[in-house]
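Listed below are the residues making up each chain.
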Amino acid sequence: MADLMIVVGARPQFIKAAPVMKEISSRNIDLTVVHSGQHYDPEMSAVFFRELQIPKPSVNLRTGSGSHAKQTATIMQRLEGSILAHSPKIVVVAGDTNTTLAAAIAAAKLNVPVAHIEAGLRSHDLSMPEEINRRLTDHCSVLLFAPTKTAIYNLRNEGLQLRTYLTGDTMVDSLRMVMPALRSREAGLLKHFELQAREYVLVTLHRPSNVDDLDRLREIHNALKHVAKRLRVLFLVHPRTRGRLRRIKGLAHNREFTLAPPQGYIENLALMKNASCILTDSGGMQKESFILHVPCITLRANTEWPETLQGGANRLINRPGRISREILRVAVNEDLRTRITSLKHPFGDGRASSRIVRLLESSLQHLK
Ligand code: UD1
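Reading the values: rules and limits
- Residues numbered from 1 in each chain as written.
- Predicted model: local features only at pLDDT ≥ 70, side-chain atom pairs only at ≥ 80, totals over all residues.
- Heavy atoms only, no water.
- Helix = DSSP H or I, 4+ residues; strand = E, 2+ residues; numbered from the N terminus.
- Rg over C-alpha atoms; globule rule 2.2 N^0.38 Å.
- Contact = heavy atoms within 4.5 Å.
- Areas by Shrake-Rupley, 256 points an atom, 1.4 Å probe, with all protein chains shown as cover.
- Phe/Tyr/Trp six-rings, centres within 6.5 Å; stacked < 30°, edge-to-face > 60°.
- Buried < 20%, exposed > 50% of the residue type's maximum accessible area, 1.4 Å probe, protein only.
- Pairing = 2+ DSSP bridges.
- Axes fitted to C-alpha atoms, helices over the stretch in contact; angles between N-to-C directions.
- Salt bridge = Lys/Arg side-chain N within 4 Å of Asp/Glu carboxyl O.
- Right-handed = clockwise from strand over helix to strand, strands pointing away.
- Near = heavy atom within 4 Å.
- Polar contact = N/O pair within 3.5 Å; in protein donor to acceptor, adjacent residues only side chain to side chain.
- 1 Å grid on protein atoms, 1.4 Å probe; cavity = no way out; pocket = protein on both sides within 12 Å on 5 of 7 lines; lining within 4 Å.
- Sits in = over half its atoms within 2 Å of the grid points.
- Nonpolar A, V, L, I, M, F, W, Y, C, P; charged D, E, K, R; others polar.
- Points joined across faces, edges and corners; volume = space filled by probe spheres on them.
- Domains from an automatic or database assignment.

Chemist: Run through the overall build of the chain, naming residues and quoting values.
Modeler: Along its length, the chain carries 15 helices and 13 strands. In terms of overall dimensions, the chain is globule-like: its C-alpha atoms have a radius of gyration of 20 Å, near the 21 Å expected for 368 residues. If one aligns the C-alpha atoms of the chain with their principal axes, the spans along those axes are about 65 × 40 × 40 Å. Relative to all contacts within the chain whose residues are 6 or more apart in sequence, the contacts with residues 24 or more apart total 70%. Total accessible area computed for the chain in this model is approximately 15,600 Å², and 50% of it derives from carbon and sulfur atoms.

Chemist: Help me get a handle on the packing of aromatic side chains, residues and values and all.
Modeler: Given two aromatic rings, their pairing is described by the distance between the two centres and the angle made by the two planes. Applying the stated criterion to the full structure yields five aromatic pairs. With a centroid separation of 5.6 Å and 85° between ring planes, the pair formed by W305 and F347 is classed as edge-to-face. With W305 in the loop between β12 (296–298) and β13 (314–316) and F347 in the loop between α14 (334–341) and α15 (352–367), this residue pair connects regions lying 42 residues apart in the sequence. Assigned by exposure class, W305 and F347 land together as buried. What links up through ring pairs into an aromatic cluster is the set F14, F48 and F49.

Chemist: So what's going on with the sheet that holds strand β4 (residues 90–94)? Which residues, and what values?
Modeler: Think of a sheet as strands paired side by side through backbone hydrogen bonds, with each pair either parallel or antiparallel. Pairing is parallel across the open sheet formed by seven strands, whose spatial order is β3-β2-β1-β4-β5-β6-β7. Two strands lie at the open edges of the sheet, namely β3 (59–60) and β7 (164–166), each paired on one side alone. Two strands pair when backbone bridges link them, and strand β2 (residues 31–35) and β3 are joined in this way by two bridges, in the parallel orientation. Paired with V34 across the two strands is V59, which belongs to β3. Sitting on the sheet, helix α3 (residues 68–86) touches β1 (4–8), β2, β3 and β4, and the angle it makes with β1 is about 160°.

Chemist: Requested: an account of unusual backbone geometry, with residues and values cited.
Modeler: Positive phi values are uncommon outside glycine, yet N111 reaches one of about 60°. Residue N111 is classed as exposed on the basis of its relative accessible area of 71%. Backbone geometry places H293, a non-glycine residue, at a positive phi of 60°. Tracing the backbone through its elements, the reader meets H293 in the loop between α12 (283–291) and β12.

Chemist: An account of the pattern of salt bridges is requested, with residue identities and associated values reported.
Modeler: In the structure shown here, the tally under the stated rule is 29 salt bridges. A salt bridge links D212 to R244; the shortest N-O distance between them is 3.2 Å. With D212 in the loop between α8 (208–211) and α9 (214–228) and R244 in helix α10 (residues 239–245), the pair connects residues that are 32 residues apart, well separated along the chain. Note on R244: relative accessible area 24%, which makes it partly exposed. Several salt bridges converge on common partners, so that one network encompasses D96, E131, R134, R135, R300 and E304.

Chemist: Residue-level account of the pairing of β4, with values.
Modeler: By the criterion of burial, β4 is predominantly enclosed, with five of the five residues buried. A two-sided burial pattern is seen for β4, the buried positions comprising I90, V92 and A94 on one face and V91 and V93 on the other. Pairing geometry for β1 and β4, over three bridges, is parallel. The residue of β4 that forms the bridge with L4 is I90.

Chemist: I'd like a description of the pairing of strand β5 (residues 114–117), backed by residues and values.
Modeler: Alternating positions in β5 separate into two faces, V114 and H116 on one and A115 and I117 on the other, with burial throughout. Sheet analysis places β4 next to β5, joined by four bridges and oriented parallel. Note that in β5 the partner of V92 across the bridge is A115. Relative to strand β6 (residues 143–146), β5 runs parallel, the two being bridged by three bridges. Its bridge partner lying in β6, I117 is registered against F145. A crossover connection joins β5 to the parallel β6 through helix α5 (residues 129–139); in handedness this β-α-β unit is right-handed.

Chemist: Provide a residue-level description of the site of the ligand, including the pertinent values.
Modeler: Neighbouring the ligand are 19 residues, the closest being H39, Y40, N98, E130 and R240. A distance of 2.8 Å separates an oxygen atom of the ligand from a polar atom in the backbone of D41. Coverage of the ligand by the protein amounts to 86% of the 750 Å² it exposes when considered alone. Of the pockets mapped on this structure, the ligand occupies the largest pocket. Secondary structure elements with two or more residues in the shell around the ligand: α1 (11–25), α3 and α10. Across the shell around the ligand, the residue classes tally to four nonpolar, nine polar and six charged.

Chemist: Describe in detail the layout of surface pockets, supporting the description with residues and values.
Modeler: Estimates place the volume of the largest pocket at around 1,100 Å³. Counting only elements with at least two residues in the lining of the largest pocket, the list comes to α1, α3, α5, α10, α11 (265–273) and α12. Residues from two domains meet in the lining of the largest pocket; each of domain 1 (4–169 + 348–367) and domain 2 (178–342) gives at least three. Estimates place the volume of the second largest pocket at around 200 Å³. Lining the second largest pocket are 13 residues, and of these D125, S127, M128, R207 and S209 sit closest to its centre. Secondary-structure elements contributing two or more residues to the lining of the second largest pocket are α5 and α8.

Shown next as structure tokens:
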């Protein structure tokens with residue numbers, strides 16, 4: 001019988017779960033790591049295992065891509081067999097992807113207690129698949145590890161306070177873990193992309209709401225071409241976005257506007273740290289840019305990380321027609337940079353994983 005089973009599968013989960021797995025392996029706790037196979041390209045998966053020193057998964061469910069129902073159901077169905085075979089005392093999930101929800105439901109239905117890392121986030125926007133995943137995962141978990149006070153407040157509002165613990169955010173732990181490697185790689189990386197620190201905009205977009213509609217993607221692309229006349233643009237293209245961008249006529253790709261594949265965890269952070277401004281729709285990158293004191297523009301109508309909006313460090317803009325002006329304004333605003341550099345981030349002290357593992361350990365003792 002295993003003590004803990006941790007289920008990961010998509011890029012952000014590797015980052016969120018890595019420091020928890022590291023902490024578990026330093027204690028006398030038996031851990032089974034399951035990879036759902038939701039992300040499978042080397043740059044979406046293997047690179048994170050290498051850079052974050054994540055143990056090789058004992059099981060890979062090889063789920064792959066598909067519609068939400070198909071992907072979620074396939075993970076549930078395949079994971080059920082692994083849970084029965086390994087009989088974990090607790091199943092640990094992280095974040096808000098289809099892997100998170102599928103694992104939480106499969107375990108809860110087998111009466112195995114579920115622990116949720118990064119519980120309590122809410123964008124209050126049910127058109128986002130992640131919002132559905134978060135809500136349902138929290139409601140079938142018995143241990144809710146909340147990263148912030150806002151998350152605690154959200155869980156209280158839904159009557160979940162008795163299972164909730166304020167632990168801090170494990171992404172802060174991961175970021176701290178790789179900071180020395182990041183510092184040693186940043187100069188080489190800037191050279192590779194022929195970039196100067198603070199003289200480029202870093203772009204990542206992968207939400208269906210931004211990239212699935214070709215007209216909207218074309219508008220975004222035009223706005224970025226406009227920015228590239230004044231400031232270098234480096235667009236790291238997620239596989240979801242890749243296929244759709246190819247359908248745009250006159251796709252920019254020159255020294256001013258560079259399209260590149262997704263980077264590994266450390267490379268991505270190094271490129272963020274040196275950017276003059278970030279344009280993204282990723283939740284994690286809004287938070288990382290806040291911690292790294294880099295102004296961020298989020299191409300969405302809402303955010304599950306409202307803390308990042310303080311002091312104008314992160315701005316929500318949902319109209320592609322408005323982003324070029326805003327990027328060019330923010331990127332050269334030294335007062336803004338000074339102001340956000342003085343802001344203390346509210347995402348924890350980098351010891352969230354050890355708190356989480358202590359709580360898991362004490363729950364395991366009660367379950368004996
Ligand atoms: C998923 C998560 C999202 C997270 C994001 C991080 C859900 C609902 N969404 O979105 O919360 O922010 O991961 O990246 O779980 N693909 C590849 N190679 C891969 C993986 C995907 O080519 O290794 C392509 C496939 O065409 C696939 C598409 O990307 O259909 C989307 O992948 P999917 O895992 O469904 O969702 P993401 O957009 O990556």
